Amino acid sequence: MEQVNKAVQVRNISFGYNGQLILDDVNAEIEAGKLTFILGRNGSGKSTLLKILGGLLNSQEGVTRIFGKNSAKLNVSERSKLTGFLNQHHNAVFPFSVEDVVLTGRAGFINFIPKESDREASVQAMEKVGILHLRNRNYTDLSGGEQQMVMIARLLAQNPKILLLDEPTTYLDFSNQSHLLNLLKQLVKEGLTIVAVMHDPNLAFIFGDDFLFMKDKKVLRSGKSLKAWDTEFLKTIYHGKLETIPYKGRVLLVPFLN
Amino acid sequence: MNNRNISILLYSLPIPVILVSLFIGPSQYATPGAILNMFFNIADNPGIVKSIVVDVRLPRVLLTFFVGGSLAISGCSIQGIFRNPLTDSYILGLSSGAAFGAALALAYAFLPVQLSAFIFGLAAVGLSYFMARKNRNVSIVSLILSGIIVSGIFTALLTMVQFFSDPFKLQSIVHWTMGNLHNASWGKLQSSIIPMSAGVAVLIIYRWRLNVLALGDDEARTVGINPGKDKIIILFAATLASSSAVAVAGIIGLYGLIVPHMVRMIIGPDNRQSIPLNFLFGGMFLLIIDNFSRTLSGFELPIGVFTMLLGAPFFIFLMKKTNIGWNR
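If you're wondering where the values come from, they're calculated on a predicted model, not measured in any experiment. (Residues numbered from 1 in each chain as written. Chains lettered and ligands numbered in written order. Predicted model: local features only at pLDDT ≥ 70, side-chain atom pairs only at ≥ 80, totals over all residues. Heavy atoms only, no water.)

K.L.:
How would you sum up the interface of chain B and chain A? Please name residues and give values.
P.N.:
Taken residue by residue, the interface counts 33 residues in chain B and 37 residues in chain A. Between chain B and chain A the total buried area reaches about 2,900 Å² when both faces are included, carbon and sulfur atoms providing 63% of it. Our enumeration of links across chain B and chain A arrives at one salt bridge. Residue Arg272(B) pairs with Asp100(A) through a salt bridge whose shortest N-O separation is 2.9 Å. For the interface between chain B and chain A, the tally reads seven residue pairs in polar contact (both at pLDDT 80 or more). Elements with a minimum of two residues in the side of chain B that touches chain A: helix 4 (46–81), helix 10 (207–213), helix 11 (217–222) and helix 14 (271–295) of chain B. A per-class count over the side of chain B that touches chain A returns 13 nonpolar, ten polar and ten charged. (Contact = heavy atoms within 4.5 Å. Buried area = accessible area lost by both parts, 1.4 Å probe. Salt bridge = Lys/Arg side-chain N within 4 Å of Asp/Glu carboxyl O. Polar contact = N/O pair within 3.5 Å; in protein donor to acceptor, adjacent residues only side chain to side chain. Helix = DSSP H or I, 4+ residues; strand = E, 2+ residues; numbered from the N terminus. Nonpolar A, V, L, I, M, F, W, Y, C, P; charged D, E, K, R; others polar.)

K.L.:
Give a detailed account of the packing of aromatic side chains, specifying residues and quantitative values.
P.N.:
Summed over all chains, the structure comprises 14 aromatic pairs over all chains. Summarising the aromatic geometry, the rings of Phe66(B) and Phe279(B) are spaced 5.4 Å apart at their centres and angled 70° between planes, so their arrangement reads as edge-to-face. Highlighted residues: Phe66(B) in helix 4 and Phe279(B) in helix 14, separated in sequence by 213 residues. Here Phe66(B) and Phe279(B) have matching classes, each one buried. Ring centres of Tyr129(B) and Phe130(B) lie 5.2 Å apart, and the angle between their planes is 85°; on these two criteria the pair is classed as edge-to-face. Every member of this aromatic cluster is reached through a ring pair, and the members are Phe205(A), Phe211(A), Phe213(A) and Phe233(A). Just above the ring of Phe109(A) sits the side chain of Arg106(A); from NZ or CZ to the centre is 4.1 Å. (Phe/Tyr/Trp six-rings, centres within 6.5 Å; stacked < 30°, edge-to-face > 60°. Buried < 20%, exposed > 50% of the residue type's maximum accessible area, 1.4 Å probe, protein only. Lys NZ or Arg CZ within 6 Å of the ring centre and 35° of its normal.)

K.L.:
Give me the domain arrangement of chain A: which residues, what numbers.
P.N.:
Residue and element names in this part refer to chain A. Each assigned domain of chain A is listed here: domain 1 (6–93 + 160–225) and domain 2 (228–258). With centres defined by C-alpha atoms, the gap from domain 1 to domain 2 works out at 22 Å. Taken together, the contact between domain 1 and domain 2 spans 16 residues of the former and 13 residues of the latter. For the domain 1 and domain 2 pair, buried surface summed over both sides reaches about 1,400 Å², with 63% attributable to carbon and sulfur atoms. Here domain 1 and domain 2 share zero salt bridges between them. Here domain 1 is connected to domain 2 by four residue pairs in polar contact (both at pLDDT 80 or more). Put simply, the parts of the chain that give the side of domain 1 that touches domain 2 at least two residues each are strand 3 (35–40), helix 7 (201–207), strand 9 (210–215) and strand 10 (218–222). (Domains from an automatic or database assignment.)

K.L.:
Requested: an account of the environment of Val219(A), with residues and values cited.
P.N.:
Residues and elements named next belong to chain A. Among the secondary structure elements, Val219 is positioned in strand 10. It is 9.0 Å that separates the C-alpha atoms of Val219 and Asp24, two residues lying 195 residues apart in sequence. Those residues in contact with Val219, other than ones at most four positions away along the chain, are Val26, Asn27, Ala28, Leu49, Leu212, Phe213 and Met214.

Shown next as structure tokens:
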């Protein structure tokens with residue numbers, strides 16, 4: 001039996017699509033109860049890795065374990081208790097109310113029709129995210145940032161052990177970004193494990209507990225091994241000229257001005 | 001008025017419409033007065049009046065109600081699973097498949113007309129679905145495209161059958177495709193009510209799942225719903241109900257597209273309410289339209305013509321007037 005305090009263990013996974021390799025023999029571990037960011041450039045395989053962790057894609061090679069359980073052998077219902085997933089894009093077609101959207105997060109607990117307890121769980125989730133005042137609004141009328149918060153509330157209503165978030169801050173303005181990331185930190189303190197793909201390394205470095213760096217279809221190494229916040233290493237990850245400035249024992253990246 | 005009372009009102013609205021419909025018709029014997037007299041046992045010709053109401057109008061009213069309800073509830077479900085407000089079973093090729101099946105049976109009498117219409121309707125939807133399926137995914141665009149292609153194929157085949165038919169058979173084929181309820185009978189009701197009810201029942205049971213599916217496949221899968229399996233069940237139930245309706249009543253064009261939108265304007269998109277209400281309102285509206293078609297002129301216009309002529313302008317009016325949330 002492998003260690004179960006690891007929320008996620010990825011062993012030698014490879015994934016290809018239409019004859020093109022996207023992940024090449026990837027190994028990684030993610031600790032339970034931490035906020036872990038997956039960083040790297042566009043096309044490095046970040047989102048694909050996250051989708052494999054969430055069971056939306058299956059790797060052709062290797063094994064993914066979620067709290068020690070082989071991911072490939074979980075059915076949708078078992079999986080929904082373990083991992084929740086926030087997609088990068090989501091477009092609702094029908095103008096459902098916010099409350100109805102959040103309620104769909106409870107599907108794993110519901111046979112056919114939601115019960116009062118499911119409604120209560122949704123209300124609690126909306127309260128936690130701070131969107132209870134939006135509950136009767138149409139989801140389709142909301143701004144991108146508000147929609148993102150609704151989908152986070154939906155994840156909390158689902159109540160999985162691990163939240164997997166693909167670019168959660170993309171549509172958010174500056175203050176909503178910090179609001180969301182502080183909320184994530186709060187949730188981690190309460191025992192959740194969160195894994196998020198991020199474009200912006202600075203937000204990740206400010207808020208994250210751990211980091212997985214990806215380049216060329218592989219996870220290069222985790223942030224724990226970045227003892228002195230190696231500028232040369234970050235340059236290889238982001239493939240270009242950049243400067244680093246120290247920040248609370250870590251660094252922030254500044255793009256190089258030509 | 002609170003939500004609960006509004007719901008009760010909406011759900012009970014079809015009852016008076018059904019009752020009133022029994023009083024409406026061209027017969028000079030079964031006038032509203034005569035029917036009332038029958039109930040108080042003071043009618044002049046109780047036998048005729050009773051027979052008109054029980055043997056002619058009641059099966060027609062019930063059949064019309066079930067046909068309208070089945071088309072509407074199927075349209076709403078199909079829009080939900082394909083996340084596409086522009087689709088219904090008609091657009092997936094059901095009607096042209098059914099029309100071809102009916103024409104084939106009318107021309108060559110190898111199968112009962114209803115059964116043949118049902119089989120080919122089902123086949124057309126199945127064909128559209130599997131043609132659109134790629135990598136276990138059914139995209140909205142490819143679905144509409146394959147629906148158009150399948151409709152085109154069956155329409156061409158229908159034209160061929162019509163071309164080779166003699167004038168008498170041709171007339172009955174054309175009449176069938178226009179949609180008609182005037183030869184409703186207890187027999188027709190019996191042969192179609194079981195598949196219609198079965199389809200409708202499954203859709204009502206699965207109504208909340210439609211909310212989950214409407215957010216997208218990934219969004220459904222990650223919260224514990226297998227989208228592929230649920231979609232097949234719902235698509236089959238919707239096709240069962242709507243192809244039985246088309247088989248018995250002919251083509252009632254775009255009805256399954258229009259009613260779900262009207263219901264959404266009234267009660268919102270939450271399928272927990274809108275699915276059952278689609279059945280009730282779909283039945284009720286078709287009954288009202290049929291009442292007009294029975295009384296407005298000396299001869300009966302085919303119901304399919306009427307639904308288009310009345311439904312389309314009404315729909316455009318509602319679309320202009322109400323914010324239904326498709327602006328983005």
